[in-house]
Amino acid sequence: MAVSGLRLGAEKLFEMPAVLGRLSRCQSTSQAFAEVLRLPKQQLRKLLYPLQEVERYLAADRRQDLHLRIFNPSPEDIARAESVFKATEHNRIDYVSSAIRIDHAPDLPRPEGHTKKMNFFKVGKHFTVVDMPGYGYRAPEDFADMVETYLKERSNLRRTFLLVDSVIGIQKTDNIAIEMCEEFALPYVIVLTKIDKSSKGHLLKQVLEIQKFVNTKTQGCFPQLFAVSAVTFSGIHLLRCFIANVTGNLDLTN
């Protein structure tokens, strides 16, 4: 089962949280998340469900505009999903290969810096995450042959994740990627990144605008937005739980 991401830094999905700098690097995922679950309730909710923190700033009649709880796993569900991302002797998480064209892609569904190739990360026997280059002026010249062909023809593709900078919102290049997903009838998800760089007011403004865009301008986009920070790790656990679920590795309804 493949899960692709446009401009998705896949290595971030496999990093362990620092939990506010209090966890040792040698702790396992399960140990680290057990520590997460011991955080004060408000702090835990902010870490696991960051968008629910901005909901309280809305008037009651505006809250129905946000689809925050379509996928609403409990902390215990999220803890179960963490085992999928835990690297063990029997659940290896490896960078597999890179490809620049569809015929170079490995049959099974780290580099640093701006992604120029499709990079494949195998998560045990569960699924493969494909880290893809994004649209824009830095996109590789053979982007159409590389990314578009892969997304259009890969039969075992389960979900595409489109990353949108929460500071600047949806840009022209994002619209191109969205139009491609809509044209190919791909199920996709919008992930808001860098939420640690936005004030609560600015983040709420962007969330409302993007949620309205999803509600009125898209057909294949999952209605719930996922917000994450690679710095504070907010939202990463929820996103990983969603990935585990859509790839059939967690018995939840989405």
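Residues numbered from 1 in each chain as written. Predicted model: local features only at pLDDT ≥ 70, side-chain atom pairs only at ≥ 80, totals over all residues. Heavy atoms only, no water.

With an unreviewed UniProt entry as reference, the protein chain is termed GTP-binding protein 8, source organism Aotus nancymaae. On record in UniProt, under Cofactor (unreviewed entry), the comment for the protein chain is "Mg(2+)". (UniProt positions renumbered as here; feature names shortened; annotations may be inferred.)

Visitor: What's the story with the overall build of the protein chain in this structure? I'm lost.
Guide: The number of helices and strands found in the protein chain is nine helices and seven strands. A total of 254 residues make up the protein chain; the buried ones form 49% of that total. Carbon and sulfur atoms provide 48% of the accessible area of the protein chain, an area that totals close to 12,700 Å². (Helix = DSSP H or I, 4+ residues; strand = E, 2+ residues; numbered from the N terminus. Buried < 20%, exposed > 50% of the residue type's maximum accessible area, 1.4 Å probe, protein only. Areas by Shrake-Rupley, 256 points an atom, 1.4 Å probe, with all protein chains shown as cover.)

Visitor: For this particular structure, what's the right way to read helix α5 (residues 75–82)?
Guide: An α-helical segment advances 3.6 residues per turn. Residues three or four places apart therefore align on the same side. Buried within α5 we find Pro75, Asp77, Ile78, Ala81 and Glu82. For α5, the angular spread of the buried residues around the axis is 155°, confining them to a single face. (Arc of directions from axis to C-beta.)

Visitor: In this structure, what is going on with the pairing of strand β4 (residues 127–132)? I would like to understand it.
Guide: Two faces, one strand: in a regular strand the side chains alternate between the faces of the sheet. Judged by how many residues are buried, β4 sits mostly within the fold: six of six residues are covered. The two faces of β4 match: Phe127, Val129 and Asp131 on one face and Thr128, Val130 and Met132 on the other face are all buried. Pairing analysis gives five bridges linking strand β3 (residues 118–123) to β4, with the strands arranged antiparallel. Each residue of the ladder has a partner; that of Phe121, found in β4, is Val129. Hairpin geometry of β3 and β4 is characterised by an intervening segment of three residues between the two adjacent antiparallel strands and by a positive phi of about 55° at Gly124. (Pairing = 2+ DSSP bridges.)

Visitor: How do you make sense of the packing of aromatic side chains when you look at a structure like this?
Guide: The way to describe two aromatic rings as a pair is by their centre distance and the angle between their planes. By the definition in use, this model includes eight aromatic pairs. With 6.3 Å between their ring centres and 25° between their planes, Phe222 and Phe226 make a pair best called stacked. Since its relative accessible area comes to 1%, Phe226 is described here as buried. The structure contains a cluster of three or more aromatic residues connected by ring pairs, namely Phe71, Phe161, Phe222, Phe226 and Phe242. The ring centre of Phe85 lies 5.3 Å from the NZ or CZ of Arg240, which sits over that ring. (Phe/Tyr/Trp six-rings, centres within 6.5 Å; stacked < 30°, edge-to-face > 60°. Lys NZ or Arg CZ within 6 Å of the ring centre and 35° of its normal.)

Visitor: I tried to follow the confidence of the model for the protein chain on my own but got confused; where do I start?
Guide: Should pLDDT be low for a region, the predicted coordinates there are not to be read in detail. In the predicted model, the protein chain carries a mean pLDDT of 79, and 74% of its residues have values of at least 70. Note on residues 16–29: pLDDT is under 50 here. Beyond four places in sequence and across chains, it has 21 contacts. (pLDDT = per-residue confidence, 0-100. Contact = heavy atoms within 4.5 Å.)

Visitor: Explain the state of the cysteines to me, please; I cannot follow it from the model alone.
Guide: Covalent bonding between the sulfur atoms of two cysteines is what defines a disulfide. Tallying each qualifying case throughout the model produces zero disulfides. There is no disulfide at Cys181, and the cysteine sulfur nearest it, in Cys221, is 8.5 Å away. When its relative accessible area of 0% is taken as the criterion, Cys181 is described as buried. (Disulfide = S-S within 2.5 Å.)

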